[in-house]
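# Descriptive analysis of the structure
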Amino acid sequence: MTLISFVVPAFRVQGYLRECLDSILGQPETDIEVIAVDDCSPDASGDIIDEYAARDQRVRSVRLPENVGLGPARNIGLDRAVGEYVWFLDGDDWLAPECLTEVAERLRVTRPDVLLVDHVRTHWNNTATRSAMAEVFPESPGSGTFRLRDRPQAMHLLHTAWNRLVRREFLVDLGLRFAPGWYEDVSFSYPVLMAARRIGVLDRVCVNYRQRRAGAITRTRGDRHFEVFPQWHRVFHLMDEWGSATEALRPAVFERMIWHYLTVLGNGQRIAPELREAFFAQITADYERWLPPGGYPVPDGVEGIKHKLVATGRWRTFSALRAASRARDAARRRARTARRTVGPVARRGARLTRDGLLREYYRAELRRPVDPTLAVYAAYWYRGYSCNPAAIYEAARRLAPGVRGVWIVRRDRVDAVPVGVEYVVAGTPAYYRVLARARWLVNNVNFPDFVRKRPEQVHVQTHHGTPVKVMGLDQQRYPIGAGRMDFAGLLRRVDRWDYSVSANSFSTQMWDRAYPAAYTTLEVGYPRNDRLVTAGPDEVRRLRAEFGLDPDEQVVLYAPTHREHLPGYRPPFDPDRFVQALGDSGRLLMRSHYFHDRDRRPGRPKDWERVRDVSGHQRVEDLYLVADVLVTDYSSAMFDYAVLDRPIVLYTPDWEAYRLARGVYFDVTAEPPGAVAATFADLLDVFRTGAVRSDAAAKAREQFRARFCTMDDGRAAERVVRQVFLGEPGERSTHC
């Protein structure tokens, strides 16, 4: 018999599900199965489950035709489980490495009905908060088992399904199922403990309980939080059915119920102000209904006062007490902030600069009406006219002629703006004016921190590549690669997004996790790649002629990415030796990352007629179209160039160091778009031997394209314009 059946329900967890499944399947203990239940999730969760099931026989995929909710989805997984124990793990949480070894040993030795395990709350800012295990069991609980009546303090551990393994036959014999609705753990976790004859505690952190910044019900306001009441009613109805077997536990369970109600009420992210009095009234009603005849252990201090106010139904006093407490806390926060900022504020007030005057002008413009016809575009920190914003701008000129598009560019990049494209220079009054009054703000990076998005404005984040390297909040796990990144500031910028443009399902999954906020994802392909799809042979010939490239020459584009953690790094690459390997008809175009546009130092290859530095060329799509082969490393260029279905070679001399320091989302050397070379000598051999165009390379490229390029059909920019500018229904869009 399989030892542990993991039941993993999945609904809107595409950004986290891979980490969850990997944490289970990568454990040393392999006597497991995973029943992953796609609860009719509108994102890619079901596809991810199918992908894992296809490559690991321990994973069983269950796709539900309609959304049933977390509790019923767990029941469906339970019905398919065959393991001796069942572990209900949520799809956005994950296991600690190697924890299953100790869990499995405890299960095999003690055979408990329920095994409680420890957890940590892992927050979006990469901090972790320990559970109450140390407070509930100040001394080690040991490896023995007990009944709840002997250690009722076990009820003070968080009442979730995922911090306990339950013996499956015990659960089936008990006939206990998860109830529908929110707070479904309540009517499962407490009855399981009350009915168990053998409870074990493993005080080892096994679960990382993800504290999501967006999307969790604990951060969702609404009247569905009233569903906590019927869940607790089910607990007391079961106690009534079980009679004397659980009667001694009633006072402790009652205390937990009131504690839980007050916790929900006290969370301002759950109960809206207009619902608070009604929620309090229901607490009082349940207090009167379920109060044990002999009373219960009332907490000390402020918590005890709250219980007494609930008992007497004194809402106004309760509300006033809460308001006073919040005012006191707010005063303390203001005092701390004042102490931290008095110096900087004084210094800023002492120097009223031109920038300060312009910011005042910006704030004045914010008070003027938004221009309903104005769209502002920017790319790569104002480096010019390019990338996805340029493609959207061109589509908008064609499909939404009533929209006036204005570009923001740096003063030193004005010459790169095409003739006929209206622009403003960054830092000028016109720049601040258009930022304040534009209806649409379109950028492939974030606008500066001072920009305030008005309610009438629409912010479109197009991004600028399918990610290989980790991005956003995920960089917190790689401090070397992240440098001094301000993650709190990043999230303030992300909160301005209304739309996030995604090239493929993989990007959508990564953006969900890296940039958690309430934007709408437009999974439509990359607008900048439209041109790669629609460009015909005539345009390619014209571009090659403009670059001085003969039709019969083999043109290789070398485009490595930037190493943020290694300033000044250049991969070992000798252009003279490379073109020699290409043969007499070979030409090499070299393009550095845009981060180096101000400190570029072109090399001086001996064979300069066959090697050209094209780093200054504004439109990288031109370079893709003229190139016969792309050589890159971890750059998103590989995903764009794959649209052309031409050979790609990955040159990865520092793969292990890059992976460990910068962090990556997947192993591009294991799932490449073509041939892979780990050394410069290997790279030369790829071209000398013809491996660049081998059957194996073509097969790898085919699989890569099937995963990342299916949406690039030449209409991505049109889809963005129709949904964002014209308000037409989107073909592919999901809420984060």
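Structural notes, computed from the coordinates. Note that the coordinates shown come from a computational prediction; the quantities given were computed from them, not determined experimentally.

### Describing the overall build of the chain
Helices and strands together make up the secondary structure of the chain, namely 28 helices and 23 strands. Here the C-alpha atoms of the chain give a radius of gyration of 30 Å, agreeing with the 27 Å that 2.2 N^0.38 yields for 736 residues. For the chain, the C-alpha atoms occupy an extent of roughly 95 × 65 × 45 Å along the three principal directions. The buried share of the chain, reckoned over its 736 residues, is 55%. Of the contacts made within the chain by residues no fewer than 6 positions apart, 75% connect residues no fewer than 24 positions apart. Taking the average location of the 107 positive side-chain charges in the chain and that of its 95 negative ones, the two points are 7 Å from each other.

### Some details on the environment of Leu165
With respect to the helices, strands and loops of the structure, Leu165 is situated in strand 8 (residues 164–167). The buried category is assigned to Leu165, whose relative accessible area is 0%. Taking C-alpha positions, Leu165 is 9.3 Å from Val103, a pair spaced 62 residues apart along the chain. Among all residues touching Leu165, those that are not within four sequence positions of it are Ile4, Val86, Trp87, Val103, Leu107, Asp113, Val114, Leu115 and Val117.

### What to know about the environment of Val468
Among the secondary structure elements, Val468 is positioned in the loop between strand 14 (458–461) and helix 17 (479–482). Counting along the chain gives 197 residues from Val468 to Tyr665, while the straight-line C-alpha distance between them is 5.5 Å. Excluding its chain neighbours within four sequence positions, the residues that come into contact with Val468 are Tyr634, Met638, Phe639, Gly663, Val664, Tyr665, Phe666 and Val668.

### A few points about the pattern of salt bridges
In a structure, side chains of opposite charge can pair up when their charged atoms sit close to one another. Across all of its chains, the model carries 55 salt bridges by this definition. The partner of Arg74 in a salt bridge is Asp90, with the nearest N and O atoms 2.9 Å apart. With a gap of 16 residues between them, Arg74 in helix 3 (residues 70–80) and Asp90 in the loop between strand 4 (85–88) and strand 5 (94–95) connect regions that are remote in the sequence. Take Arg74: its relative accessible area is 0%, and that puts it in the buried class. Glu247 is the partner of Arg250 in a salt bridge, and the nearest nitrogen-oxygen pair spans 3.2 Å. You can call Arg250 buried: its relative accessible area is 8%. When its relative accessible area of 37% is taken as the criterion, Glu247 is described as partly exposed. Each of Glu19, Arg210, Asp474, Arg477 and Arg513 takes part in a single network of salt bridges with overlapping partners.

### Let's talk about the packing of helix 1 (residues 17–25) against helix 2 (residues 45–55)
Contact geometry for helix 1 and helix 2: axes closest at 10 Å, N-to-C directions at 25°. Of the possible angle classes, the one that applies to helix 1 and helix 2 is roughly parallel. Considering the relative orientation of helix 1 and helix 2, their crossing is right-handed. On the side of helix 1, the interface is formed by Leu17, Arg18, Leu21, Asp22 and Leu25, while helix 2 contributes Ser45, Ile48, Ile49, Glu51, Tyr52 and Arg55. Among the residues making up the contact of helix 1 with helix 2, the classes are represented as 6 nonpolar, 1 polar and 4 charged.

### Side note on the sheet that holds strand 21 (residues 648–651)
Each strand in a sheet pairs with its neighbour through backbone hydrogen bonds, running either in the same direction (parallel) or in the opposite one (antiparallel). Strand order in this open sheet of 6 strands is 19-18-17-20-21-22, and the pairing throughout is parallel. The two strands at the open ends of the sheet, each matched to only one other strand, are strand 19 (611–613) and strand 22 (675–677). Averaged over all adjacent pairs, the angle separating strand axes in this sheet is 20°, with direction ignored. Relative to strand 19, strand 18 (residues 586–590) runs parallel, the two being bridged by 3 bridges.

### Concerning unusual backbone geometry
Phi at Tyr183 is positive, roughly 60°, even though this residue is not glycine. Here Tyr183 is to be found in the loop between helix 6 (168–174) and helix 7 (186–195). Judged by its relative accessible area of 9%, Tyr183 falls in the buried class. Of note in this structure, Asp645 is not a glycine but carries a positive phi near 55°. When you line up the elements, Asp645 lands in the loop between helix 24 (637–641) and strand 21.

### A word on the environment of Arg63
Mapped onto the fold, Arg63 is located in strand 3 (residues 59–63). Residue Arg63 is classed as partly exposed on the basis of its relative accessible area of 40%. C-alpha of Arg63 to C-alpha of Glu169: the two residues are 106 residues apart in sequence and 25 Å apart in space. Once you skip the residues sitting within four places of it in the chain, Arg63 turns out to touch Asp38, Gly46, Asp47 and Asp50. Only 2.7 Å separates the side chain of Arg63 from the side chain of Asp38, close enough to count as a polar contact. Polar side-chain contacts of Arg63 include one of 2.5 Å to the side chain of Asp50.

### Side note on the nonpolar core
Ranked by internal contacts, the top residues of the largest apolar core, which has 90 residues, are Tyr377, Tyr515, Val724 and Phe725. Top element by residues in this core is helix 15 (residues 387–399). It accounts for 7 residues. Listed in part, the 65 residues of the second largest apolar core include Val166, Val201, Val235 and Ile258.

### Comments concerning the packing of aromatic side chains
Aromatic ring pairs are defined here through the distance separating the ring centres and the angle between the ring planes. Within this structure, the stated rule accounts for 49 aromatic pairs. Between Phe6 and Trp87, the ring centres sit 5.3 Å apart and the planes meet at 25°, which makes this aromatic pair stacked. Linking Phe6 in strand 1 (residues 4–10) with Trp87 in strand 4, this pair joins segments that are 81 residues apart in sequence. Relative accessible area serves as the criterion here: at 0%, Phe6 is assigned to the buried category. Overall, Trp87 belongs to the buried group, its relative accessible area being 0%. Relative to Phe708, the ring of Phe704 has its centre 4.7 Å away and its plane inclined at 50°; by these criteria the two rings are tilted. Here the residue Phe704 and the residue Phe708 both occupy positions in helix 27 (residues 695–708), the gap between them amounting to 4 residues, near one helical turn. By the burial criterion, Phe704 is buried, and Phe708 matches it. Among the aromatic residues, those joined into a ring-pair cluster are Phe506, Phe639, Tyr665, Phe666, Phe704 and Phe708. The cationic tip of Arg256 hangs over the ring face of Trp259; the distance from NZ or CZ to the ring centre is 4.2 Å. The ring centre of Trp440 lies 5.3 Å from the NZ or CZ of Arg439, which sits over that ring.

### Points about helix 26 (residues 680–688)
All buried positions along helix 26 are accounted for by Phe680, Leu683, Leu684, Val686 and Phe687. One face of helix 26 carries all of its buried residues, which in axial projection span an arc of 150°. Within two residues after helix 26, Gly690 carries a phi angle of roughly 85°, on the positive side.

### Focus: helix 11 (residues 273–290)
Counted at 1.5 Å a residue, the expected span for helix 11 with its 18 residues is 26 Å, and the 26 Å between its end C-alpha atoms agrees. Looking at helix 11, one finds that the buried residues are Arg276, Phe279, Phe280, Ile283, Thr284, Asp286, Tyr287 and Trp290. Along helix 11, the residues classed as buried sweep out an arc of 165° about the axis, all on the same side. Facing away from the buried side of helix 11 by over 90 degrees, the exposed positions are Glu274 and Glu288.

What counts and what doesn't
Residues numbered from 1 in each chain as written. Predicted model: local features only at pLDDT ≥ 70, side-chain atom pairs only at ≥ 80, totals over all residues. Heavy atoms only, no water. Helix = DSSP H or I, 4+ residues; strand = E, 2+ residues; numbered from the N terminus. Rg over C-alpha atoms; globule rule 2.2 N^0.38 Å. Buried < 20%, exposed > 50% of the residue type's maximum accessible area, 1.4 Å probe, protein only. Contact = heavy atoms within 4.5 Å. Lys, Arg positive; Asp, Glu negative; His and termini not counted. Charge placed at Lys NZ, Arg CZ, Asp CG, Glu CD. Salt bridge = Lys/Arg side-chain N within 4 Å of Asp/Glu carboxyl O. Axes fitted to C-alpha atoms, helices over the stretch in contact; angles between N-to-C directions. Parallel < 35°, antiparallel > 145°, perpendicular 65-115°, else oblique. Left-handed = near helix turned anticlockwise from the far one by under 90°. Nonpolar A, V, L, I, M, F, W, Y, C, P; charged D, E, K, R; others polar. Pairing = 2+ DSSP bridges. Polar contact = N/O pair within 3.5 Å; in protein donor to acceptor, adjacent residues only side chain to side chain. Core = buried A, V, L, I, M, F, W, Y, C linked by side-chain atoms within 4.5 Å. Phe/Tyr/Trp six-rings, centres within 6.5 Å; stacked < 30°, edge-to-face > 60°. Lys NZ or Arg CZ within 6 Å of the ring centre and 35° of its normal. Arc of directions from axis to C-beta. Expected span 1.5 Å × (residues − 1).

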